[in-house]
Amino acid sequence: MDTSSARQDREEAERLSAAVGVLADFLSRRPLTQALAHMEHRLEGADRMNVAHVAEDGHVVPELLASALTVRESLGRINDLIHACGILLVLPHILGEQERITVRPSLGAGNDPSRPYDLETDQRIAEFKLARWRGADAMRKRQTFKDLVMLAADTSGRRAELFVIGPEPSRFLTTSTSTAAWALDRSPGALRTFTTVFGTPSMSVAQFTATHAAHVQITDLRKLLPASVAALLQ
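Worth saying up front: this structure is predicted, and the values here are computed from it rather than measured.

Rules of the game
- Residues numbered from 1 in each chain as written.
- Predicted model: local features only at pLDDT ≥ 70, side-chain atom pairs only at ≥ 80, totals over all residues.
- Heavy atoms only, no water.
- Helix = DSSP H or I, 4+ residues; strand = E, 2+ residues; numbered from the N terminus.
- Buried < 20%, exposed > 50% of the residue type's maximum accessible area, 1.4 Å probe, protein only.
- Patch = residues over 30% accessible without salt bridge, like charges linked within 9 Å, V, L, I, M, F, W, Y side chains within 5 Å.
- Areas by Shrake-Rupley, 256 points an atom, 1.4 Å probe, with all protein chains shown as cover.
- Salt bridge = Lys/Arg side-chain N within 4 Å of Asp/Glu carboxyl O.
- Core = buried A, V, L, I, M, F, W, Y, C linked by side-chain atoms within 4.5 Å.
- Pairing = 2+ DSSP bridges.
- Contact = heavy atoms within 4.5 Å.
- Axes fitted to C-alpha atoms, helices over the stretch in contact; angles between N-to-C directions.
- Polar contact = N/O pair within 3.5 Å; in protein donor to acceptor, adjacent residues only side chain to side chain.

(A) Up close: the environment of Asp-57. Along the chain, the position of Asp-57 falls in helix α3 (residues 48-57). A residue is classified by how much of its surface remains accessible, and Asp-57, at 46% relative accessible area, is partly exposed. Sequence separation of Asp-57 and Gly-189 is 132 residues, and the distance between their C-alpha atoms is 53 Å.

This is the structure:
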């Protein structure tokens, strides 16, 4: 790395550190939800002068917005970091003594066509879903079912595993009456695979899980992650 690039990296790291400090100071005053609710109540019926006072009293200054934008830009791929950390912390606990990773794993969220699974070894294929379900999870449901379909469609004879967070994903896969067509309507490639390998997508998600995907093991990652991490996912 040349001197100019090294200097730019240091300056970027310093800007990010300063921005995080500004956000931490703001959030230390009161939880964000409470802070926003308090300002919302004060803004009702306010005129321009009162609005300025609300912003000032709430410590909402240009530096705060600039810091939030800086952090969002720098940490925009935080989901990729979470995905990578989850996989790396779990792998030592699931790989067998003679098991070897055969394909460069997909540590970032999402797969490219050359690496259809997050993990491929000489003994298994696996997908990792590290999102916590909160209730309005239609997209997460679709993504999880898509991964289940692609794992079930593999014909290599290797063990197939789907790692998730919490009981909700497994409950959806084993009880949902939604059709496979609905679950795959945003994933045309997976839908083509489904119709080619399994036939009509009119069957329910639960029916598919109980039959064609019965061999795919679904595991709650909270059982494998370090206790300090699992406690945050309860």
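(B) Local environment of a nonpolar patch on the surface. On the surface, a nonpolar cluster with roughly 330 Å² of combined accessible area is contributed by Leu-75, Ile-78, Leu-81 and Ile-82. Checked against the element boundaries, Leu-75 lands in the loop between α4 (62-74) and α5 (78-94).

(C) Local environment of the nonpolar core. Ranked by size, the top nonpolar core spans 25 residues in total, and within it Phe-145, Leu-148, Phe-194, Phe-208 and Val-216 carry the most contacts. If you list the elements that add at least two residues to this core, you get α6 (138-153), β3 (159-164), α7 (168-175), α8 (180-183), α9 (188-197) and α10 (205-210). Here the element with the most residues in this core is α6; it accounts for six residues. Formed by 13 residues, the second largest nonpolar core is a distinct cluster that contains Val-90, Phe-163, Leu-225 and Leu-233.

(D) Highlighting the sheet that holds strand β2 (residues 124-128). Spatial strand order, β1-β2-β3-β4: four strands in an open sheet with mixed pairing. Looking at which strands have only one partner, the edges of the open sheet turn out to be β1 (119-120) and β4 (217-220). Direction of pairing for β1 relative to β2: antiparallel, over a ladder of two bridges. Each bridged residue has a counterpart across the sheet, and for Leu-119 the counterpart in β2 is Ala-126. Against the sheet, α5 engages β1, β2 and β3, with an angle of about 145° to β2.

(E) Spotlight on the side chain of Glu-127. Assignment of secondary structure puts Glu-127 in strand β2. Of the polar contacts made by the side chain of Glu-127, one reaches the backbone nitrogen of Asp-118; its length is 3.0 Å.

(F) Highlighting the pattern of salt bridges. The full count for this structure, using the stated rule, is 13 salt bridges. The salt bridge involving Asp-185 is made with Arg-142; its shortest N-O contact spans 2.9 Å. Linking Asp-185 in the loop between α8 and α9 with Arg-142 in helix α6, this pair joins segments that are 43 residues apart in sequence. Looking at Asp-185, the relative accessible area reads 41%, which means it is partly exposed. Residue classification places Arg-142 among the buried positions, given a relative accessible area of 7%. Note that Asp-185 is salt-bridged to Arg-186, the shortest N-O span being 3.8 Å. Accessibility expressed as a relative area gives 53% for Arg-186, which makes it exposed.

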